[in-house]
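If you want the building blocks of each chain, they are given just below.
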Amino acid sequence: MKITCVKLLPLLTLLFSFASAAEETAPDNISKGKYIATAGDCVACHSIAGRASFTGGLKMSTPIGAIYSTNITPDKETGIGDYSYDDFAKALREGIAKDGRHLYPAMPYTAYAKINDEDMHALYDYMMHGVQPVHQQNIKSDIPWPLNMRWPLAIWNSVFHDDKVYAPDTTKSDAWNRGAYLVQGLGHCGTCHTPRGIAFQEKALDQQGKSYLTGGTLEGWHAPDLTGNVKSGLGGWSNEDIALFLRTGRTNTSAAFGSMTDVIEHSTQYWSQSDLNAVATYLKSIGSSASETPPAPRKDATTAALIRGDVSMPGSRLYMDNCSGCHRLDGKGYAKTFPSLAGNSAVLSDDPSSVISIVLRGGKMAVTKDAVTGLAMPDFAWRLSDQEVADLVTFVRNSWGNQAPPVKAEQVEKLRKELPEPTKPTPENRNQ
């Protein structure tokens with residue numbers, strides 16, 4: 001039987017299409033996509049305890065009400081199973097779902113827009129072929145009408161969103177560019193660490209903006225300054241400190257707290273060492289958020305006073321009774337075990353929200369493959385009054401050479417109101 005080239009052409013085209021599809025969803029591409037999903041920390045927002053990963057349901061508070069993360073498993077009815085690659089890329093880069101709904105910018109599409117095509121394809125392959133589909137209905141937001149109308153988000157995007165893919169800076173090293181790509185894009189560090197404006201927009205999306213990574217406050221926690229600020233940023237950190245912190249959640253003097261603990265547990269501990277080093281290279285290249293003079297030598301009169309038993313300074317007795325056992329009389333803690341309070345950039349931040357919140361809520365260190373012991377700090381909301389917490393935090397922020405603004409009871413009261421449902425009595429009703 002004679003087969004002409006013309007008749008063979010459709011068959012060859014079909015075969016090449018199958019081969020291309022097989023190549024795109026090859027195990028190596030799915031494995032790469034899994035790494036990208038991990039780098040993007042998708043599981044942290046799209047999962048809650050007691051449910052399968054990526055099925056959504058995480059509550060996120062906003063100034064206008066709560067929203068809930070969605071099911072992003074490849075289930076065709078409740079997830080993203082019927083998304084084409086173009087649908088998927090549009091959601092991640094433009095914040096527009098397959099049905100045309102505009103996504104709230106709590107979804108960091110302002111950062112994911114920078115993901116390049118190769119990584120976006122790998123991520124799509126993983127989400128479609130490496131994740132188990134789960135039928136799990138999504139939860140509607142608590143935002144009341146008319147604030148829940150989404151058409152204004154199109155205007156928001158036109159004003160604040162840049163959907164351009166990351167463009168490497170040819171004047172910088174490969175490591176710098178890789179670090180910038182991870183920090184600005186997949187790692188979406190600016191989502192928490194950049195202050196937001198009146199429209200809940202990040203005030204800057206990269207290092208060209210003076211507000212980028214200068215710290216931001218969300219849900220009672222202050223994500224610290226990541227610029228070269230010596231007092232409250234990374235000015236005193238080495239490249240090795242940054243990489244170690246991202247891999248283990250701790251250094252010789254500091255430890256992760258708040259939502260950063262989840263980031264390390266679910267995401268950065270799994271990054272390659274070269275990626276961790278690249279992030280450190282990029283972050284250390286960012287200038288300080290403030291005009292600074294070299295810090296004066298630290299004068300430590302606090303330690304001597306505590307050793308003498310002098311607890312005359314407000315908050316000092318509270319420190320002795322509740323904190324000194326772990327953080328020591330000299331405030332230096334224990335390397336990679338209990339963080340130092342002396343010279344701690346989070347303690348010295350102008351915004352004391354995190355220090356107040358960790359006293360009220362307590363905390364737990366990240367559990368990682370390199371640091372398997374998740375040491376915990378107890379919560380003190382149930383035993384200390386607002387004024388006592390204010391005195392204690394002010395003492396810590398102004399001891400061992402620390403210098404930071406005092407804390408008022410009103411600031412503590414405001415953050416106490418944001419605590420989850422209490423499981424223990426508060427100071428005001430504990431004796432009732």
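Data block above holds the structure.
Residues numbered from 1 in each chain as written. Predicted model: local features only at pLDDT ≥ 70, side-chain atom pairs only at ≥ 80, totals over all residues. Heavy atoms only, no water.

**Overview of the overall build of the chain**
Next, step 1: Regarding its fold elements, the chain presents 19 helices and 6 strands.
Next, step 2: A buried classification covers 46% of the 432 residues belonging to the chain.
Next, step 3: The contacts in the chain between residues at least 6 apart in sequence include a share of 63% that link residues at least 24 apart.
Next, step 4: Summing over all exposed atoms, the chain offers an accessible surface of approximately 22,300 Å²; the carbon and sulfur share of this is 57%. (Helix = DSSP H or I, 4+ residues; strand = E, 2+ residues; numbered from the N terminus. Buried < 20%, exposed > 50% of the residue type's maximum accessible area, 1.4 Å probe, protein only. Contact = heavy atoms within 4.5 Å. Areas by Shrake-Rupley, 256 points an atom, 1.4 Å probe, with all protein chains shown as cover.)

**Re the environment of cysteine 192**
Next, step 1: Inspection of the secondary structure assignment puts cysteine 192 in helix 9 (residues 190-193).
Next, step 2: Take cysteine 192: its relative accessible area is 30%, and that puts it in the partly exposed class.
Next, step 3: On a C-alpha basis, the gap between cysteine 192 and alanine 223 in space is 6.0 Å, while along the polypeptide they are 31 residues apart.
Next, step 4: When sequence neighbours within four positions are dropped, the list of residues in contact with cysteine 192 reads Gly215, Gly216, Leu218 and Ala223.

**Observations regarding the pattern of salt bridges**
One side chain can pair with another of opposite charge once the charged atoms of both are near each other.
Next, step 1: On inspection of all chains with the given rule, the structure shows 13 salt bridges.
Next, step 2: Lysine 32 serves as the salt-bridge partner of glutamate 118, at 2.4 Å between the closest nitrogen and oxygen. Of the two residues, glutamate 118 is situated in helix 6 (residues 117-129) and lysine 32 in helix 2 (residues 27-39); the sequence distance between them amounts to 86 residues.
Next, step 3: Between aspartate 99 and arginine 101 there is a salt bridge, with its nearest N and O atoms 2.8 Å apart.
Next, step 4: Classification of arginine 101 as partly exposed rests on a relative accessible area of 36%. (Salt bridge = Lys/Arg side-chain N within 4 Å of Asp/Glu carboxyl O.)

**Examining the pairing of strand 1 (residues 59-62)**
Next, step 1: The alternating pattern of strand 1 places Met60 and Thr62 on a buried face, while none of Lys59 and Ser61, on the opposite face, is buried.
Next, step 2: Where strand 1 lies against strand 2 (residues 65-68), 4 bridges are found, and the strand directions are antiparallel. When the sheet's bridge partners are listed, threonine 62 is paired in strand 2 with glycine 65.
Next, step 3: Here strand 1 hands over to strand 2 after 2 residues, the two strands then running antiparallel side by side. (Pairing = 2+ DSSP bridges.)

**What about helix 7 (residues 152-160)?**
Next, step 1: For helix 7, the set of buried residues is Leu153, Trp156 and Asn157. Buried residues of helix 7 fall within an arc of 100° about the axis and therefore sit on the same side. With respect to the buried face of helix 7, the exposed residues turned more than 90 degrees away are Ser158 and Val159.
Next, step 2: The elements touched by buried residues of helix 7 are helix 4 (85-94) and helix 5 (109-112). (Arc of directions from axis to C-beta.)

**Section: the nonpolar core**
Next, step 1: By size, the foremost hydrophobic cluster in this structure holds 56 residues, and its most contacted members are Phe88, Leu92, Met127, Tyr282 and Leu283.
Next, step 2: If you list the elements that add at least two residues to this core, you get helix 2, helix 4, helix 5, helix 6, helix 8 (174-186), helix 10 (239-248) and helix 12 (273-283).
Next, step 3: Looking at which element gives the most residues to this core, the answer is helix 6, with 7 residues.
Next, step 4: With sequence-adjacent residues up to four places away left out, tyrosine 282 is seen in contact with Trp176, Gly179, Ala180, Val183, Gln184, Gln207 and Tyr212. (Core = buried A, V, L, I, M, F, W, Y, C linked by side-chain atoms within 4.5 Å.)

**Observations regarding the packing of helix 17 (residues 353-361) against helix 18 (residues 386-397)**
Next, step 1: Axis separation between helix 17 and helix 18 bottoms out at 10 Å; the angle between their running directions is 125°. Judged on the interaxial angle alone, helix 18 and helix 17 are oblique. For helix 17 against helix 18, the interelement crossing comes out right-handed. On helix 18, the residues that touch Val355, Ile356, Val359 and Leu360 of helix 17 are Val389, Leu392 and Val393.
Next, step 2: Tallied by class, residues from the contact of helix 17 with helix 18 come to 7 nonpolar, no polar and no charged. (Axes fitted to C-alpha atoms, helices over the stretch in contact; angles between N-to-C directions. Parallel < 35°, antiparallel > 145°, perpendicular 65-115°, else oblique. Left-handed = near helix turned anticlockwise from the far one by under 90°. Nonpolar A, V, L, I, M, F, W, Y, C, P; charged D, E, K, R; others polar.)

**A look at helix 8**
Next, step 1: Along its 13 residues, helix 8 runs 17 Å from first to last C-alpha, staying within 8% of the 18 Å computed at 1.5 Å per residue.
Next, step 2: Among the 13 residues in helix 8, 10 count as buried, and that is most of the element.
Next, step 3: Looking only at helix 8, the buried set comprises Trp176, Asn177, Gly179, Ala180, Tyr181, Leu182, Val183, Gln184, Gly185 and Leu186. (Expected span 1.5 Å × (residues − 1).)

**A look at a nonpolar patch on the surface**
Next, step 1: On the surface, a cluster of nonpolar side chains totalling about 610 Å² of accessible area is made up of Trp145, Met149, Trp151, Ile155 and Val159.
Next, step 2: Inspection of the secondary structure puts tryptophan 151 in the loop between helix 6 and helix 7.
Next, step 3: On the basis of relative accessible area, tryptophan 151 is assigned to the exposed category, the value being 56%. (Patch = residues over 30% accessible without salt bridge, like charges linked within 9 Å, V, L, I, M, F, W, Y side chains within 5 Å.)

**Some thoughts on the environment of phenylalanine 245**
Next, step 1: Here phenylalanine 245 lies in helix 10.
Next, step 2: Take phenylalanine 245: its relative accessible area is 13%, and that puts it in the buried class.
Next, step 3: Between the alpha carbons of phenylalanine 245 and leucine 276 there is a distance of 9.5 Å; along the sequence they are 31 residues apart.
Next, step 4: When residues no more than four places from it in sequence are discounted, the contact partners of phenylalanine 245 are Trp237, Arg250, Thr251, Ser254, Ala255, Ala256, Met260 and Ile264.

**Looking at the environment of isoleucine 307**
Next, step 1: Relative to the helices and strands, isoleucine 307 resides in helix 13 (residues 302-308).
Next, step 2: Judged by its relative accessible area of 60%, isoleucine 307 falls in the exposed class.

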